[in-house]
Amino acid sequence: PRARLTGSVPMALARLGSEALQTLNIVGNDNMNNDDVSDVDALFRELNTIPVVAGVPGYTRGQRDSHSKTIALEKAALLSMKSAVTHDPYGFLQDWVEASDPCNDAWAGVICTCTSSTCHVSKLDLGSANLDGTLAVEIGNLASLEIFWVNGNRFSGPLPSQVGNLVNMWSWSTRGNFFDGELPDTLSKLTKLTEFYGQYNFHTGPLPNSFVHMKELTLLDVSFNQHSGSIPAWLGELKDLVTLGLAANFFSGKIPEELASLANLELALLDLRYNPLIRDVTLYSEEELFNLAKIPGIRVSQVQAPPITPS
């Protein structure tokens, strides 16, 4: 049976955010309130130290005011995204309804940044909710979104080109879904992106040069997809890359010299396993082999990949 907690969040629990607590989710407990809290603002300040908080009545991250409202365009975008979900077995989105406010009423997975009058959606975390459906084009209206995590679901279809409107994004995770088609060129607008987790999907086509515009990118992982063609030389322009995952695709040809040169910078993991790469060492200069050998986590193999199973 579903839990039905009452009362308020204890201050002692809220203070655990300064220790190790990462997530506090009390969504679905309709009788929770703040009636017995002597200093609501102090409670909310402590809750701000917890990275993910959902279901606490009246709480929104950052400056809190009971009159702050999510702008209509962003609320409508979230409701459109819910409409594109065809199966929600755990009722994760049950509180996403027209009669409530995403930020003031703490919709599950929605984190906001607020002023005294207006709230913007800054983080969307729908990870591991077992949601089926597609990604609505209205996601492009969440212009203040900085973190987008929908990993571990069953979303399918192509990524809409409107994701290019999310120019404030720095963290992206669509890992472990059924997204397909080519990655949209509009990703090139996400110049603030530092991490892109896109592995375990069914994306096709060459790796788009959209990523070359993401100069702050430290992690790029598109392993276990169906990308093809050669490994692009422009990857060598991503000087801050620490992790590059290209395993289990259909890349072929020689590892580009420009990529090998990243070994002199930050690159610590280069995963090229399960690709039809040409591994003939006679194709490489001694300098290239030397640089590749310096990458601590280089992984190159022609062993057949296991079946692609999103997880």
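Residues numbered from 1 in each chain as written. Predicted model: local features only at pLDDT ≥ 70, side-chain atom pairs only at ≥ 80, totals over all residues. Heavy atoms only, no water.

K.L.:
Is there a simple way to explain the packing of aromatic side chains in this structure?
P.N.:
Aromatic rings considered in pairs are described by the distance between their centres and by the relative angle of their planes. Tallied over the full model, the rule gives 8 aromatic pairs. With centroids separated by 5.0 Å and ring planes inclined at 75 degrees, the aromatic side chains of Phe-196 and Phe-211 adopt a geometry described as edge-to-face. Of this pair, Phe-196 sits in strand 14 (residues 195-197) while Phe-211 sits in the loop between strand 15 (202-205) and strand 16 (219-221); the two residues are 15 residues apart in sequence, bridging distant segments of the chain. Considered together, Phe-196 and Phe-211 belong to a single accessibility category, that of buried residues. Among the aromatic residues, those joined into a cluster by ring pairs are Phe-148, Trp-172, Phe-196 and Phe-211. (Phe/Tyr/Trp six-rings, centres within 6.5 Å; stacked < 30°, edge-to-face > 60°. Helix = DSSP H or I, 4+ residues; strand = E, 2+ residues; numbered from the N terminus. Buried < 20%, exposed > 50% of the residue type's maximum accessible area, 1.4 Å probe, protein only.)

K.L.:
Any chance you could explain the state of the cysteines here in plain terms?
P.N.:
In protein chemistry, a disulfide is the covalent bond that joins the sulfur atoms of two cysteines. Counted under the stated rule, the structure contains 2 disulfides. Linked covalently through their sulfurs, Cys-103 and Cys-112 form a disulfide whose S-S length is 1.9 Å. In this structure, the disulfide formed by Cys-103 and Cys-112 twists by about -80 degrees around the S-S bond and is classed as left-handed. When its relative accessible area of 1% is taken as the criterion, Cys-103 is described as buried. (Disulfide = S-S within 2.5 Å.)

K.L.:
Where do I start with the pairing of strand 7 (residues 110-114) in this structure?
P.N.:
Note on strand geometry: in a regular strand, side chains alternate between the two faces of the sheet. Most of strand 7 sits inside the fold, with 4 of its 5 residues counted as buried. Note: strand 7 against strand 8 (residues 118-125), 5 bridges, orientation antiparallel. Across the sheet, Cys-114 pairs through a bridge with Cys-119, a residue of strand 8. Here strand 7 folds back onto strand 8, and the loop between the two strands holds 3 residues. (Pairing = 2+ DSSP bridges.)

K.L.:
Whenever I open this one, the sheet that holds strand 6 (residues 85-87) confuses me. Can you help?
P.N.:
Two orientations exist for strands paired in a sheet by backbone hydrogen bonds: parallel and antiparallel. Taking strand neighbours across the sheet as the criterion, the 7 strands line up as 6-9-11-13-15-17-19 in an open arrangement whose pairing is mixed. Two strands bound the open sheet, and with one partner strand each, they are strand 6 and strand 19 (250-252). Bridging between strand 13 (residues 178-181) and strand 15 involves 2 bridges; their strand directions are parallel. Its bridge partner being in strand 15, Gly-181 is matched across the sheet by His-203.

K.L.:
Even after reading the chapter, I still don't get the environment of Ser-161, so can you show me in this structure?
P.N.:
Of note, Ser-161 is situated in the loop between strand 11 (154-157) and strand 12 (171-173). The exposure class assigned to Ser-161 is partly exposed, which follows from its relative accessible area of 42%. In this structure, the C-alpha to C-alpha distance between Ser-161 and Ile-139, residues 22 residues apart in sequence, is 9.9 Å.

K.L.:
Help me out: how do you make sense of the pattern of salt bridges in this one?
P.N.:
Side-chain pairing between opposite charges can occur once the charged atoms of the two side chains come close. Per the counting criterion, the structure on display carries 4 salt bridges. The salt bridge involving Lys-75 is made with Glu-98; its shortest N-O contact spans 3.7 Å. Taken together, the residues Lys-75 in helix 3 (residues 72-83) and Glu-98 in the loop between strand 6 and strand 7 connect sequence positions 23 residues apart. On the accessibility criterion, Lys-75 (14% relative accessible area) is buried. The exposure class of Glu-98 is exposed, given its relative accessible area of 58%. Lys-215 is the salt-bridge partner of Glu-237, the closest N and O atoms lying 3.4 Å from each other. Of this pair, Glu-237 sits in the loop between strand 17 (226-230) and strand 18 (243-245) while Lys-215 sits in the loop between strand 15 and strand 16, placing them 22 residues apart in sequence. (Salt bridge = Lys/Arg side-chain N within 4 Å of Asp/Glu carboxyl O.)

K.L.:
Explain the environment of Ile-71 here, please?
P.N.:
Turning to its location among the elements, Ile-71 is positioned in the loop between strand 5 (69-70) and helix 3. For Ile-71 and Thr-118, which are 47 residues apart along the polypeptide, the C-alpha to C-alpha distance reads 6.6 Å. Beyond its immediate chain neighbours, meaning those up to four positions away, Ile-71 contacts Thr-118, Cys-119 and His-120. (Contact = heavy atoms within 4.5 Å.)

K.L.:
Would you explain the pairing of strand 17 in this entry?
P.N.:
Here 2 bridges tie strand 15 to strand 17, and the two strands are oriented parallel to one another. Bridge pairing in strand 17 places Thr-204 opposite Gln-226. As judged from the 3 bridges shared by strand 17 and strand 19, these two strands associate in the parallel manner. Bridge pairing in strand 19 links Gly-229 to Phe-251.

K.L.:
Explain the side chain of Asp-101 to me, please; I cannot follow it from the model alone.
P.N.:
Along the chain, the position of Asp-101 falls in the loop between strand 6 and strand 7. Despite its burial, Asp-101 pairs with no opposite charge, the nearest such side chain being Lys-69 at 5.2 Å. Separated by 3.0 Å, the side chains of Asp-101 and Thr-70 make a polar contact. (Lys, Arg positive; Asp, Glu negative; His and termini not counted. Polar contact = N/O pair within 3.5 Å; in protein donor to acceptor, adjacent residues only side chain to side chain.)

This is a description of form; function is not addressed.
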